[in-house]
Amino acid sequence: GSTNPCDFFCYKKPNFYLIECKTTEVPSLPRKNISDGQLNDMHDAVKVNGVRAYVVCWFYTKDVCRAFPIEYVWEQFVVNGKKSLNYQDENGILITGEKKKKYFNWNWEDLFKK
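Residues numbered from 1 in each chain as written. Predicted model: local features only at pLDDT ≥ 70, side-chain atom pairs only at ≥ 80, totals over all residues. Heavy atoms only, no water.

Engineer: Can you break down the environment of Pro69 residue by residue, with the values?
Structural biologist: Position of Pro69 relative to the elements: it lies in strand β5 (residues 64-69). Along the primary structure Pro69 and Asn4 are separated by 65 residues, whereas in three dimensions their C-alpha atoms are 18 Å apart. Once residues lying within four places of it in the same chain are set aside, the contact partners of Pro69 are Ala53, Tyr54 and Asn91. (Helix = DSSP H or I, 4+ residues; strand = E, 2+ residues; numbered from the N terminus. Contact = heavy atoms within 4.5 Å.)

Engineer: Describe the sheet that holds strand β7 (residues 93-94), and please don't skip the residues or the numbers.
Structural biologist: Strand order in this open sheet of 5 strands is β1-β2-β4-β5-β7, and the pairing throughout is mixed. Among the strands making up the open sheet, the edge pair consists of β1 (8-12) and β7. The sheet contacts of helix α2 (residues 70-79) involve β4 (51-59) and β5, and relative to β5 the element is tilted by about 85°. (Pairing = 2+ DSSP bridges. Axes fitted to C-alpha atoms, helices over the stretch in contact; angles between N-to-C directions.)

Engineer: Let's hear about the state of the cysteines: which residues, and what values?
Structural biologist: The tally for this structure, following the rule as stated, stands at 0 disulfides. Cys21 takes part in no disulfide bond, and the closest cysteine sulfur, belonging to Cys65, lies 7.8 Å away. Judged by its relative accessible area of 29%, Cys21 is partly exposed. (Disulfide = S-S within 2.5 Å. Buried < 20%, exposed > 50% of the residue type's maximum accessible area, 1.4 Å probe, protein only.)

Engineer: Outline the environment of Lys47, listing residues and values.
Structural biologist: Along the chain, the position of Lys47 falls in the loop between α1 (36-45) and β4. The class for Lys47 is exposed, based on a relative accessible area of 61%. Remark: the alpha-carbon pair of Lys47 and Ile95, spanning 48 residues in sequence, is separated by 24 Å.

Engineer: Mind laying out the packing of aromatic side chains, listing which residues take part and the relevant values?
Structural biologist: Tallied over the entire structure, the rule returns 10 aromatic pairs. Both rings, one in Phe9 and one in Phe16, keep their centres 6.0 Å apart while their planes meet at 20°; by these two values the pair is stacked. Of the residues examined, Phe16 reaches a relative accessible area of 34% and is grouped as partly exposed. Pairing Phe68 with Tyr72 gives two aromatic rings, centres 6.4 Å apart and planes at 20°, and the pair type is stacked. Of the two residues, Phe68 and Tyr72, both sit in the buried class. Through pairs of rings, three or more aromatic residues link up here, namely Trp58, Tyr60, Tyr103, Phe104 and Trp106. (Phe/Tyr/Trp six-rings, centres within 6.5 Å; stacked < 30°, edge-to-face > 60°.)

Engineer: Any details on the pairing of β1? Residues and values, ideally.
Structural biologist: When β1 meets strand β2 (residues 15-24), the two strands line up antiparallel, connected through 5 bridges. Bridge pairing links Lys12 to Asn15 in β2. If you look at the hairpin formed by β1 and β2, you'll find 2 residues sitting between the two strands.

Engineer: Could you give an account of a nonpolar patch on the surface, naming the residues involved and the relevant values?
Structural biologist: A contiguous nonpolar patch, built from Phe9, Tyr11 and Phe16 and spanning about 340 Å² of accessible area, is present on the exposed surface. Within the fold, Tyr11 resides in strand β1. The exposed category is assigned to Tyr11, whose relative accessible area is 54%. (Patch = residues over 30% accessible without salt bridge, like charges linked within 9 Å, V, L, I, M, F, W, Y side chains within 5 Å. Areas by Shrake-Rupley, 256 points an atom, 1.4 Å probe, with all protein chains shown as cover. Salt bridge = Lys/Arg side-chain N within 4 Å of Asp/Glu carboxyl O.)

So this is what it looks like as structure tokens:
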């Protein structure tokens, strides 16, 4: 009966972060890939001062990783009824990285400096 709001909790002064990680083969992040519990819990959490939440998606066929603020994800999926978020969506913070054979070493400072 319990659910996890996200994959990772981390603290980088002065903020506490909730990070949900997704990987998709297609060039968009489908709404169905995020559970209602995760979406609602993370959206509720950011109402607390100093808490930030992101859905980080690696679009691996495009070699692109973007971090979407939960407020934006909520607006697109719940308020606007969108079915997916595109890998080119400029509202997502681009996470740069160095590709190693198949996987990346991601530069998380791209997220934390925002």
